[in-house]
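A closer look at the structure
Residue strings, one per chain:
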Amino acid sequence: MPLPRGPRDDVGGIRVAIVGATGYVGAELVRLLTRHPHVEIVGLVGRGRNREPIGGTHIHLDRTGLHVDATVPDADAIFLALPHGAAAEIVPDLAATRAAIVDLGPDFRLRAAADYPRWYGFEHPRADLLPTAVYGLPELHRAQLAALRDEKTAIVGAPGCYPTATLLALAPLARAGLIGDLVVDAKSGVSGAGREPKQDLMFGEVNESVKAYGIGGHRHVAEMEQELAALGADAPGVTDGAAANPGARAVDFLPHLVPMTRGILSACHVRPTRPVSQRELDGLYAEAYGGEAFVHVVTQPPATKHVLGSNACRVHVHVDERTGRVLALGVIDNLVKGAAGQAIQAFNVVHGLPETAGLEQLPLAP
């Protein structure tokens with residue numbers, strides 16, 4: 001019998017399983033979903049685990065009473081927080097149960113199978129499923145996500161953290177065909193690298209230091225170029241979305257690791273295709289985000305602390321009248337809007353729930 005993709009409060013809520021619950025993103029999924037008014041967590045999954053209390057791995061979750069096992073239970077929706085390549089192997093069998101799949105890894109983010117060997121180093125085992133997956137950035141793909149509710153197979157490829165901050169900062173410019181040249185300079189906290197112990201992420205290596213990495217082609221560039229090309233299809237008077245924003249065809253992206261736990265700031269430096277005024281930019285961003293619950297356009301440059309622990313993205317846009325360049329800034333919490341929170345937001349859309357359900361917490365301060 002097909003599983004429902006909608007509220008099931010009459011039977012205790014939508015049954016949810018979390019695969020990869022022992023990592024940082026998995027922990028955030030547990031933290032947020034335990035407070036979700038329409039969800040019942042029926043299983044946490046970790047490799048080689050057997051009824052291990054989640055508090056043994058994440059002490060802050062010990063009062064949930066949840067356990068981690070090695071097998072995936074029957075569920076209406078399954079969140080996958082796994083390394084790249086792992087989800088692609090198991091998604092076909094999971095999706096065959098009619099469960100909605102939300103993959104927080106990269107295995108279903110890219111539409112072209114040929115991009116996986118180039119950017120992730122593996123041949124995609126189920127290229128036939130890529131066209132059916134929806135890129136899970138609700139602000140850009142809300143209608144496609146909602147349409148999954150009636151599909152036999154529902155796969156959401158949740159965006160990466162850097163692309164989330166970058167795309168939300170740039171989307172109004174891309175839709176207007178204004179990206180003539182683009183450099184994205186971004187900073188991330190160390191939790192973005194995951195929980196696995198690594199020498200270069202030790203406190204003594206990271207503290208009081210900032211370093212650039214991913215020089216010459218960070219994996220997240222593929223998402224940025226894919227989505228900016230799609231946004232360009234909406235630009236006035238164009239027939240080729242990729243050509244509408246020449247600066248977005250080959251994005252110059254330089255990420256940096258900074259000594260903080262959470263947060264991403266993406267600074268997008270744009271040479272526009274034509275002169276623009278601050279008034280025009282303000283209008284574009286107000287039109288794009290005026291009705292959005294989680295994207296807040298602000299008049300002052302935002303800081304990562306302004307969104308800590310929340311599903312919010314703060315965006316600021318400014319044109320330099322002297323140089324003519326546009327600076328678009330986006331800040332997010334990489335574990336919430338950049339991962340678990342955004343995945344839940346997409347899950348809400350797929351299941352016809354209020355988009356803010358389980359995500360209404362305000363940022364933490366200080």
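Check the entry above for the structure.
Regarding its fold elements, the protein presents 10 helices and 15 strands. Its C-alpha atoms give the protein a radius of gyration of 20 Å, within 12% of the compact-globule value 21 Å for 366 residues. Principal-axis analysis of the C-alpha atoms gives the protein an extent of 60 × 50 × 40 Å. Out of the 366 residues in the protein, the part that is buried amounts to 52%. Looking at the protein alone, contacts between residues at least 24 apart form 72% of all its contacts between residues at least 6 apart. Surface summary for the protein: the accessible area is close to 16000 Å², and the carbon and sulfur share equals 52%. Taking the average place of the 33 positive charges on the side chains of the protein and the average place of its 40 negative ones, the gap between the two points comes to 2 Å.

Taken N-terminus to C-terminus, the directions of helix 1 (residues 24-33) and helix 10 (residues 336-350) make an angle of 45°; their axes are 9 Å apart at the nearest point. Here helix 1 lies oblique to helix 10, going by the angle between them. By crossing handedness, the relation of helix 1 to helix 10 is classed as right-handed. Residues V25, E28, L29, R31, L32 and L33 of helix 1 pack against V336, A339, A340, G341 and I344 of helix 10. Residues belonging to the contact of helix 1 with helix 10 are distributed by class as follows: 8 nonpolar, 1 polar and 2 charged.

Let's shift gears to the packing of helix 4 (residues 138-147) against helix 10. The N-to-C vectors of helix 4 and helix 10 enclose an angle of 35°; their axes lie 9 Å apart at closest approach. As for how helix 4 packs across helix 10, the hand of that crossing is right-handed. Residues P138, E139, R142, L145 and A146 of helix 4 lie in contact with helix 10, whose contacting residues are K337, Q342, Q345, A346, V349 and V350. Its residues placed into classes, the contact of helix 4 with helix 10 shows 6 nonpolar, 2 polar and 3 charged.

Strand order across the open sheet formed by 7 strands is 10-11-9-12-15-14-13, with mixed pairing between neighbours. Only two strands of the sheet have a single partner each, and these edge strands are strand 10 (211-212) and strand 13 (295-297). Here 6 bridges tie strand 9 (residues 179-188) to strand 11 (residues 252-257), and the two strands are oriented parallel to one another. Pairing of V184 across the sheet is with F253, part of strand 11.

Okay, helix 4 next. Among the residues making up helix 4, those that are buried are P138, E139, L140, H141 and L145. Axial view of helix 4: buried residues confined to an arc of 145°, hence all on one face. Considering only its buried residues, helix 4 is in contact with strand 7 (134-135), strand 8 (155-157), helix 5 (161-175), helix 7 (221-232), strand 13 and helix 10.

Reading the values: rules and limits
- Residues numbered from 1 in each chain as written.
- Predicted model: local features only at pLDDT ≥ 70, side-chain atom pairs only at ≥ 80, totals over all residues.
- Heavy atoms only, no water.
- Helix = DSSP H or I, 4+ residues; strand = E, 2+ residues; numbered from the N terminus.
- Rg over C-alpha atoms; globule rule 2.2 N^0.38 Å.
- Buried < 20%, exposed > 50% of the residue type's maximum accessible area, 1.4 Å probe, protein only.
- Contact = heavy atoms within 4.5 Å.
- Areas by Shrake-Rupley, 256 points an atom, 1.4 Å probe, with all protein chains shown as cover.
- Lys, Arg positive; Asp, Glu negative; His and termini not counted.
- Charge placed at Lys NZ, Arg CZ, Asp CG, Glu CD.
- Axes fitted to C-alpha atoms, helices over the stretch in contact; angles between N-to-C directions.
- Parallel < 35°, antiparallel > 145°, perpendicular 65-115°, else oblique.
- Left-handed = near helix turned anticlockwise from the far one by under 90°.
- Nonpolar A, V, L, I, M, F, W, Y, C, P; charged D, E, K, R; others polar.
- Pairing = 2+ DSSP bridges.
- Arc of directions from axis to C-beta.

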